[in-house]
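Below, each chain spelled out in residue letters.
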Amino acid sequence: MEYRNQNMTPPPYYGSNAVTTQTNSVMKRVYVRMFVGMLISAFCALGVASSPAAMSFFFSNQIVFWGIFIGMLAMAFILPARLTRMSTTTCLVLFCVFAAAMGVWLAPIFYVYRLGTIVYTFFITAGTFGAMSIYGYFTKTDLSKFGTYMIMALFGLIIAIVVNIFLKSSGLEWVISIVGVLLFTGLTAWDTQMVKRLSAANLEPQLADKLATMGALNLYLDFINLFLFILRFVGLSRD
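This structure is a prediction, so every number in the text was calculated from the model and none was measured.

Before we move on, could you go through the nonpolar core and cite the residues and values that matter?
Core analysis: the largest hydrophobic core is formed by 58 residues, its most contacted members being Met34, Phe98, Met102, Phe184, Trp190, Leu217 and Tyr220. Secondary-structure elements contributing two or more residues to this core are α1 (17-49), α2 (52-60), α3 (62-81), α4 (88-106), α6 (115-138), α7 (147-167), α8 (170-199) and α9 (205-238). With 15 residues, the top contributor of residues to this core is α9. Those residues in contact with tyrosine 220, other than ones at most four positions away along the chain, are Met34, Gly37, Met38, Ser41, Phe95, Phe98, Ala99 and Met102.

Right, here's the structure in full:
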């Protein structure tokens, strides 16, 4: 069900009442679960950031630190790969665990940036995400043709981030931040359209529910990455 890695064209969207009802049902669950995931991440991030003992446990202990990172990577691969074999409950629980782990991972931003900057960036991200998700839902343009280019750009961005860890170039940091904002802005619209089109297929109730969780995970990741790149950009602008 992870459409980013599949070379297939999603089923077309038809305007029948049954399909419209199913699509709206799936999309509502996508946004509700995404919102719940963000709340879980926010509470976990604030909880860890407000406790010096928790910060020390998660970020001073290399085993715990890398264990969280590897665990998130594993869940990101396991969810799409084993989606059809999992129960809807297991799928949803893994998504919530992933959101909690991401929240822990985000806790240090409260030490790097002022709270006002974080709140300001969150609202910018929410507005940008909302606008692009609405565009992705209602546009008649087939965004799937841009998918290959965005995935290639994503891999290029990851490579650039790794390279800059060693170069520590402020100029490259600017480029990475700008490209990251543009890329995840585009991915938000693309993922929204892909979820909408897949939800228009004749899906079994359980598969439709799993699609909602998978769609929530993808849009959640789009939002988090967009937020982090805008935050980096704002931080660089104020340095």
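So, next bit.
Give me unusual backbone geometry: which residues, what numbers.
Positive phi is not limited to glycine here, since lysine 168 has a value of about 55°. Relative to the helices and strands, lysine 168 resides in the loop between α7 and α8.

So, the packing of aromatic side chains: which residues are in play, and what are the values?
Evaluated as defined, the whole model comprises 14 aromatic pairs. Ring centres of phenylalanine 122 and phenylalanine 123 lie 5.8 Å apart, and the angle between their planes is 80°; this geometry places the pair in the edge-to-face category. The class for phenylalanine 122 is partly exposed, based on a relative accessible area of 33%. Owing to a relative accessible area of 58%, phenylalanine 123 belongs among the exposed residues under this scheme. Taken together, the ring pairs connect Phe59, Phe65, Trp66, Phe69 and Trp105 into an aromatic cluster. A cation over an aromatic ring shows up here: lysine 196 above the ring of tyrosine 137, its NZ or CZ 4.4 Å from the ring centre.

Got a sec to walk through the state of the cysteines? Specific residues and values, please.
The tally for this structure, following the rule as stated, stands at 0 disulfides. Free of any disulfide, cysteine 91 has its nearest cysteine sulfur in cysteine 96, 10 Å distant.

Lay out α4 with the relevant residues and their values.
If you check α4, its first and last C-alpha atoms are 27 Å apart, about what 19 residues at 1.5 Å a residue would give, namely 27 Å. Considered for burial, the residues of α4 that qualify are Cys91, Phe95, Phe98, Ala99, Ala101, Met102, Gly103, Val104 and Leu106.

Which residues make up the pattern of salt bridges, and what are the values?
Side chains that differ in charge, positive against negative, can pair when their charged atoms come close. Applying the stated rule across the entire model yields 4 salt bridges. The closest approach of N and O atoms between aspartate 209 and arginine 29, which form a salt bridge, is 3.0 Å. With a gap of 180 residues between them, aspartate 209 in helix α9 and arginine 29 in helix α1 connect regions that are remote in the sequence. Arginine 29 sits in the partly exposed class, given a relative accessible area of 24%. Residues aspartate 209 and arginine 33 are paired through a salt bridge, measuring 2.6 Å at the closest nitrogen-oxygen approach. Of this pair, aspartate 209 sits in helix α9 while arginine 33 sits in helix α1, and the two are 176 residues apart along the sequence. Judged on exposure class, the residue aspartate 209 and its partner arginine 33 are both buried. Taken together, the salt bridges that share partners define one network made up of Arg29, Arg33 and Asp209.

Can you tell me about the packing of α3 against α4, naming the residues and giving the values?
Here α3 crosses α4 at 145°, and the two axes come no closer than 10 Å. Note that α3 runs across α4; the crossing there is left-handed. Contacts between α3 and α4 involve Phe65, Ile68, Phe69, Met72, Met75, Ala76 and Leu79 on the former and, on the latter, Cys91, Leu94, Phe95, Val97, Phe98, Ala101, Met102, Val104 and Trp105. Here the residues of the contact of α3 with α4 are counted per class, giving 16 nonpolar, no polar and no charged.

Procedures and definitions
- Residues numbered from 1 in each chain as written.
- Predicted model: local features only at pLDDT ≥ 70, side-chain atom pairs only at ≥ 80, totals over all residues.
- Heavy atoms only, no water.
- Core = buried A, V, L, I, M, F, W, Y, C linked by side-chain atoms within 4.5 Å.
- Buried < 20%, exposed > 50% of the residue type's maximum accessible area, 1.4 Å probe, protein only.
- Helix = DSSP H or I, 4+ residues; strand = E, 2+ residues; numbered from the N terminus.
- Contact = heavy atoms within 4.5 Å.
- Phe/Tyr/Trp six-rings, centres within 6.5 Å; stacked < 30°, edge-to-face > 60°.
- Lys NZ or Arg CZ within 6 Å of the ring centre and 35° of its normal.
- Disulfide = S-S within 2.5 Å.
- Expected span 1.5 Å × (residues − 1).
- Salt bridge = Lys/Arg side-chain N within 4 Å of Asp/Glu carboxyl O.
- Axes fitted to C-alpha atoms, helices over the stretch in contact; angles between N-to-C directions.
- Left-handed = near helix turned anticlockwise from the far one by under 90°.
- Nonpolar A, V, L, I, M, F, W, Y, C, P; charged D, E, K, R; others polar.

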